[in-house]
Amino acid sequence: MKTINLINEKLTNLQWLLLVVLCLAVTNTKANTKASSQKKITVVERHRVWINVTDNANGAFSQTLFGYRTGATDGFDQGLDGAYFNDGAVALTSLIGNDRYAIQFRGLNYSPNDVIALSFKCDYEGSFTFAFDHADGFFLNSNQPIYILDTESNVYTNIKTSNYTFNCEVGMFNDRFKLVFYNPGQTSSLGNTDHQFTSNNISVYQDQGDMLVQSNYAQLKMVAVYNLNGQMIYQNNNVNDVRLNISGLNTNYQALLIKAVTADGIPVTKKFLAVR
């Protein structure tokens, strides 16, 4: 009898042990599932341009980076904007207020009317050259101009197609040069009249769950999205901006057609492969 009771007691203890182990396993599984569901994949959208200034006679060189980026603002952003420290005989930077930055980002609110103040400093009188180094994002679009404006001569130079050489005296010049994306002498109120507006003037991106439709200069009036079956899955008839953010669109990894109409009534169609 004692043997039977001892066996029953051991079985009971084993059952309790198995129950505790099972509960711990379930708890850990739920915790891991919750932690996994809370993880977000952050997609960072960047559109950047690197600009050089050189003096070939003396070998002087300076470079600055400007761009639009997820999470940035038009002011100073810790960890994104990079202050200029290594002062040399020649220095090209951009300005946030009165402070010079080797790297400056703004938010994803691009407008062709944006004006970025540049600071140029030289320790000697000479001839210097602005040049396009490289770019990414919508700045790679062949129809997206990048102008250096010399306010002293009122000359606009698209540095994607040609360099700009100028003479300068000794000093720091915070008001002379601007980085801009339009030339009033070549644009109407809506955009560049030198080129017909085509699908190349439209860029489409995905930022996490949102779809971003960007015109590089012309204001958009209407944007519609179609799947390959010809079904319209989104339409906005009152965009009235160069940029449209589409939220909550279930694209399900498929090819889409984006149809846009500018404020001038020019229709364009662009194919886009959604990745989520």
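In case you missed it, the structure is sitting above this.
Read on for a plain summary of the structure. Worth saying up front: this structure is predicted, and the values here are computed from it rather than measured.

Cut-offs and rules
- Residues numbered from 1 in each chain as written.
- Predicted model: local features only at pLDDT ≥ 70, side-chain atom pairs only at ≥ 80, totals over all residues.
- Heavy atoms only, no water.
- Pairing = 2+ DSSP bridges.
- Helix = DSSP H or I, 4+ residues; strand = E, 2+ residues; numbered from the N terminus.
- Axes fitted to C-alpha atoms, helices over the stretch in contact; angles between N-to-C directions.
- Contact = heavy atoms within 4.5 Å.
- Phe/Tyr/Trp six-rings, centres within 6.5 Å; stacked < 30°, edge-to-face > 60°.
- Buried < 20%, exposed > 50% of the residue type's maximum accessible area, 1.4 Å probe, protein only.
- Lys NZ or Arg CZ within 6 Å of the ring centre and 35° of its normal.
- Core = buried A, V, L, I, M, F, W, Y, C linked by side-chain atoms within 4.5 Å.

Overview of the sheet that holds strand S16 (residues 232-236)
Strand order across the open sheet formed by four strands is S16-S15-S18-S19, with antiparallel pairing between neighbours. At either margin of the open sheet sits one strand with a lone partner, and together these are S16 and strand S19 (267-273). Ignoring strand direction, the axes of neighbouring strands in this sheet form an average angle of 15°. Summarising the sheet, strand S15 (residues 220-227) and S16 pair through four bridges and their orientation is antiparallel. When the bridges of S16 are listed, Tyr226 appears paired with Met232.

Some points on the side chain of Thr70
Position of Thr70 relative to the elements: it lies in the loop between strand S2 (60-69) and strand S3 (82-83). Leaving out residues up to four positions away in the same chain, Thr70 has contacts with Val43, Val44, Glu45, Leu108 and Asp207.

A closer look at the environment of Gly185
Note that Gly185 resides in the loop between strand S12 (177-180) and strand S13 (202-207). Taking the C-alpha atoms as reference, Gly185 lies 10.0 Å from Val155; in sequence the two are 30 residues apart.

Remarks on the packing of aromatic side chains
The tally for this structure, following the rule as stated, stands at 21 aromatic pairs. Their ring planes at 35° and their centres at 6.0 Å tell us that Tyr68 and Phe138 sit as a pair that is tilted. A residue pair is termed long-range when its members are at least 10 positions apart, and Tyr68 in strand S2 and Phe138 in the loop between strand S7 (126-135) and strand S8 (147-150) qualify at 70 residues. On the accessibility criterion, Phe138 (3% relative accessible area) is buried. Ring-pair connections join several aromatic residues into one group, and the members of that group are Phe120, Tyr124, Phe128, Phe130, Tyr164, Phe166 and Phe177. Across from the ring centre of Tyr226, 4.9 Å away, lies the NZ or CZ of Lys259, which sits over that ring.

Considerations on the pairing of strand S5 (residues 99-106)
Look at any regular strand and the pattern is simple: side chains alternate between the two faces of the sheet. Within S5, six of the eight residues are buried, which leaves it mostly tucked inside the rest of the structure. The sheet contact formed by S2 and S5 spans four bridges and is parallel. Note on S5: the bridge partner recorded for Phe66 is Gln104. The pairing of S3 with S5 spans two bridges and is antiparallel. Bridged to Gly82 within S5 is Ile103. Between strand S4 (residues 90-96) and S5, which pair antiparallel and follow one another directly, the connecting turn spans two residues, one of which, Gly97, has a positive phi of 70°.

Section: the sheet that holds S13
Strands sit in the order S13-S14-S17 across an open sheet of three strands; the sheet is antiparallel. Whereas interior strands pair on both sides, the edge strands pair on one side only; in this sheet they are S13 and strand S17 (243-246). Each neighbouring strand pair of the sheet contributes to a mean axis angle of 15°, computed without reference to strand direction.

Side note on unusual backbone geometry
In this model, Asn154 sits at a positive phi of 55°, which is unusual for a non-glycine residue. Relative to the helices and strands, Asn154 is located in the loop between S8 and strand S9 (155-158).

Quick look at the nonpolar core
In this structure, Tyr68, Phe120, Phe130, Phe166 and Leu179 are the most contacted members of the largest nonpolar core, which totals 28 residues. For this core, the secondary structure elements donating two or more residues are strand S1 (46-55), S2, S4, strand S6 (115-122), S7, strand S10 (164-168) and S12. Looking at this core, the element that brings in the most residues is S6, giving four residues. Apart from residues lying up to four places away in sequence, Leu179 is in contact with Ile51, Phe66, Asp114, Val115, Ile116, Leu118, Ile146, Tyr147 and Ile148. Core analysis: the second largest hydrophobic core is formed by 21 residues, Val204, Tyr217, Ile258 and Phe272 among them.

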